Amino acid sequence: MSSAELIRRIPQMNVLVFTEKRERSTQIRQFFQKAGFKNADSFNVNLKASNLSVYDYYFIEYHYADHEVISDIVNCAREKAKFGKRPIFIVDIDNDDSPVDDINARELFPDFIVNSPINFGYINELIKKSFNLTLLIEKLIGEVKGSQSAFIKRAQTYPGTYKNRMLLNMTLEELYKANDFVTFKKVYQRHDKSEIMPQNLMAYCQIVEKPKAIPVLELLLRSKKYLFQANFMLADIYAEAKQPNKVQSSLASAYENNPKNDDVFYAYLTFIVENNKSALLHNMVMKRFYHIGINSITLNKMVIDIADIVYKSKVTFNKEQYRRFFGQLVMTLKKRISMDKRDELQGYINIFIARQLFKQGKRYKAKAIAATCYYRFLSERKVASDEFRVATFGVLAMAGEIKLCVTLYKMFDQAGLKKTAPQLLQQSMAHFQKLNKVYQWLRAQKSADENNLQLIKIGQTYPYSSDLNYMLLTLTLRGKNLMKDPENIKQCLVVIRRMEKTNNTAGYENVMSSVEQNKKILIDVLLGSS
């Protein structure tokens, strides 16, 4: 097929245009329509890329702020494209002075990178240039009669080098898609690296032994164009080789060039926490906020992310270490939000501190913090985020406060939390289900006569639960064997002491009346027996 024949087919071709402004989209679509395209569609952020059909051409105006949406469009199109139908991607880097924009646009591996302003003549020229690739693909597809398996088989049996660079790289792409890594390596090793496109160099690094990937990744870094993926892959290699200085350098560079990426954010944050690099935390977090913005949603998620990394790590913080690590960051964040939300933010952070204290075995202090947060920020009809509610719900469940948990359970939106904080919801629900099982079992008991050991174990698991301690004491006092075994009296006194201590916890002013009442019952029983 000739270029002339392809030009005659242009009316059957289509293009998807993604731009920031509607007027710009209209202009670009008009350029393609003037070139002969019958269908020129515009993408808006309400559409899902996975629901779109595959277009012949994509014109994308790149802004780092839209990276996730753009990446989704590109990746979905490539995954859904059938063998022989290769979409052409034209990416316009609107702000080529921004390294973040330039690097992340290039790492989408488009066919053409352009810079505004763009006129019809430029678009028409790009379409004609793309015909070289389209003609080659159609020629190759024709040779194997449209069979992907035949194309792969031919690559597996061909022992020489490819003189056509496009054919070489298409072969590598198809071998990688087919998971034929053995043939991929053989073809790769027969050719000079300068002939191999960056996406195939990175694919090679994914499948080869890690030490062999290092010189290839360093080659990509020297180009100054692929500073995110190459650095991130190097960080993983150096981590396995236990070279922390190189890990830090690679992670820092990867994060610098793509701070919105979740994977590199979690990896770098974990490294900072586990290696006690407190000086790096503030700037690292604020760099991410610079790109994602500070609002209630991003702030809540950041607190959860940091808390989860700390919770999963083996590191423990005392008060002084906590202040050194997080003090400056908390102060900065408080300055960035309205004054009426600052106390609530501190309360939200305190809940995760309480969760950490539970992990360290400091259950009384953790319960006291959680109760304070509940009564100050969440009780009655106080306005607070669902993330705050479910985090407090989880800590109170760990403390054994069934009544407060039930109140909170009725307040937060589980469907919304499954989207915004699924892991936190799952963890909190697991603690509540465990507590509820214990509570329902206690309700079914009539006395402590036959289940004394189980009651002791419950008291040890939830030592400062005002709800469960009251039930445990009541069951023990009802027992027929109360006076027959001194251990029963001792157990009553242990529970009473715990309840007296619980009275010091914020929000439990009414507990003492129950304690005194049960003390009186115990004294009456002892006097009666004498």
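Structure report, in brief.

Conventions we followed
- Each chain carries its own residue numbering, running from 1 in the written order of its sequence.
- Two thresholds apply to this predicted model, a pLDDT of at least 70 for residue-level local features and 80 or more for giving and counting side-chain atom pairs, whereas whole-chain, interface and lining totals are computed over all residues.
- As a rule here, side-chain values cover all heavy atoms of the structure and leave hydrogens and water aside.
- Think of it this way: any DSSP run of H or I at least four residues long counts as a helix, any run of E at least two long counts as a strand, and we number them from the N terminus.
- A radius of gyration in this sense is built from C-alpha atoms; the matching globule rule multiplies 2.2 Å by the number of residues raised to 0.38.
- Exposed residues in this analysis have more than 50% of their type's maximum accessible area, buried residues have under 20%, and partly exposed residues fall in between, with area computed by a 1.4 Å probe over protein chains only.
- Contact definition: two residues touch when any of their heavy atoms are within 4.5 Å.
- Exposure was quantified through the Shrake-Rupley algorithm and a 1.4 Å probe, taking into account, for residues, occlusion by the shown protein chains and nothing else.
- The convention is simple: Lys and Arg are positive, Asp and Glu are negative, and His and the chain ends are not counted.
- To locate a charge, the coordinates of NZ of Lys, CZ of Arg, CG of Asp or CD of Glu are taken.
- Residues form patches when they are more than 30% accessible in relative terms and have no salt bridge. Like charges link within 9 Å. Nonpolar side chains (Val, Leu, Ile, Met, Phe, Trp, Tyr) link within 5 Å.
- We count a salt bridge whenever a side-chain nitrogen from Lys or Arg sits within 4 Å of a carboxyl oxygen from Asp or Glu.
- Under this scheme, a helix contributes an axis fitted over its contacting stretch, all axes are lines through C-alpha atoms, and angles between N-to-C directions fall in the 0 to 180 degree range.
- If an angle is under 35 degrees, it is roughly parallel; if it is over 145, roughly antiparallel; if it lies from 65 to 115, roughly perpendicular; otherwise it is oblique.
- Crossing handedness: left-handed means the near helix sits turned counterclockwise from the far one by under a right angle, and right-handed means the same turn made clockwise.
- Two strands qualify as a pair provided DSSP detects at least 2 bridges between them.

### Thoughts on the overall build of the protein chain
In step 1: Per the secondary structure count, the protein chain includes 26 helices and five strands.
In step 2: Its C-alpha radius of gyration of 32 Å places the protein chain more than 25% over the 24 Å reference for a compact globule of 530 residues.
In step 3: For the C-alpha atoms alone, the extent of the protein chain along its principal axes is close to 110 × 50 × 45 Å.
In step 4: Burial statistics for the protein chain: of 530 residues in total, 49% are counted as buried.
In step 5: Counting only contacts in the protein chain whose residues sit at least 6 apart along the sequence, the fraction spanning at least 24 positions is 66%.
In step 6: As presented, the protein chain carries roughly 27200 Å² of accessible surface, and 51% of it is formed by carbon and sulfur atoms.
In step 7: Of the side-chain charges in the protein chain, 78 are positive and 54 negative, and the distance between the mean point of each set is 4 Å.

### Some words on a positive patch on the surface
In step 1: On the surface, a cluster of positive charge is made up of Lys 319, Arg 323, Lys 362 and Lys 365.
In step 2: With respect to the secondary-structure elements, Lys 319 resides in helix H16 (residues 319–335).
In step 3: Note on Lys 319: relative accessible area 54%, which makes it exposed.

### Here we look at unusual backbone geometry
In step 1: A positive phi angle is found at Phe 109, which is not glycine, with a value near 55 degrees.
In step 2: Here Phe 109 shows up in the loop between helix H4 (99–106) and strand S5 (112–114).
In step 3: Given a relative accessible area of 13%, Phe 109 falls into the buried group.
In step 4: Although it is not a glycine, Lys 145 sits at a positive phi angle of roughly 55 degrees.
In step 5: Within the secondary structure, Lys 145 is located in the loop between helix H5 (120–143) and helix H6 (148–157).

### Side note on the packing of helix H23 (residues 452–461) against helix H24 (residues 466–478)
In step 1: One can describe the packing of H23 onto H24 by two numbers: an axis separation of 10 Å at closest approach and a directional angle of 160 degrees. When the axis of H23 is compared with that of H24, the two are roughly antiparallel. At the point where H23 passes H24, the crossing takes the left-handed sense. Taken together, the residues of H24 that come into contact with H23 (itself represented by Leu 455, Ile 458 and Gly 459) are Leu 468, Leu 472, Leu 475 and Thr 476.

### Examining a negative patch on the surface
In step 1: Together, Glu 20, Asp 94, Asp 96 and Asp 97 line one region of the surface with negative charge.
In step 2: Within the secondary structure, Asp 96 sits in the loop between strand S4 (88–93) and H4.

### Quick word on the pattern of salt bridges
In step 1: Counted by the stated rule, this structure contains 21 salt bridges.
In step 2: With a shortest N-O distance of 3.2 Å, Arg 376 and Asp 343 are connected by a salt bridge. Here Arg 376 is found in helix H18 (residues 363–378), whereas its partner Asp 343 is found in helix H17 (residues 342–359), with 33 residues between them in sequence.
In step 3: Overall, the relative accessible area of 45% leaves Asp 343 in the partly exposed class.
In step 4: Linked by salt bridges that have partners in common, Arg 24, Glu 61 and Asp 92 make up one network.

### Examining the environment of Val 438
In step 1: With respect to the helices and strands, Val 438 occurs in helix H22 (residues 422–443).
In step 2: A C-alpha to C-alpha distance of 63 Å links Val 438 and Ala 40, two positions 398 residues apart in sequence.
In step 3: Setting aside residues no more than four positions away along its own chain, Val 438 makes contact with Ile 458, Tyr 462 and Leu 468.

### Concerning the sheet that holds S4
In step 1: Read from one edge to the other, the open sheet built from five strands follows the order S2-S1-S3-S4-S5, with strand pairing classed as parallel. At either end of the open sheet lies a strand with only one pairing partner, and these are strand S2 (39–42) and S5. Within this sheet the neighbouring strands show an average axis-to-axis angle of 20 degrees, counted without direction.
In step 2: Note: S4 against S5, three bridges, orientation parallel. Among the inter-strand pairings, Asp 92 is bridged to a residue of S5, identified as Val 114.
In step 3: Against the sheet, H4 makes contact with strand S3 (57–62), S4 and S5, and its axis sits at roughly 175 degrees relative to S4, the strand it touches most.

### Examining the packing of helix H11 (residues 229–240) against helix H12 (residues 244–257)
In step 1: The interhelical angle for the contact between H11 and H12, taken along N-to-C directions, is 160 degrees, at an axis separation of 8 Å. Taken as axis vectors, H11 and H12 run roughly antiparallel relative to one another. The interaxial crossing formed by H11 with H12 has left-handed handedness. On H12, the residues that touch Asn 231, Phe 232, Leu 234, Ala 235, Tyr 238 and Ala 239 of H11 are Lys 246, Val 247, Ser 250, Leu 251, Ser 253 and Ala 254.

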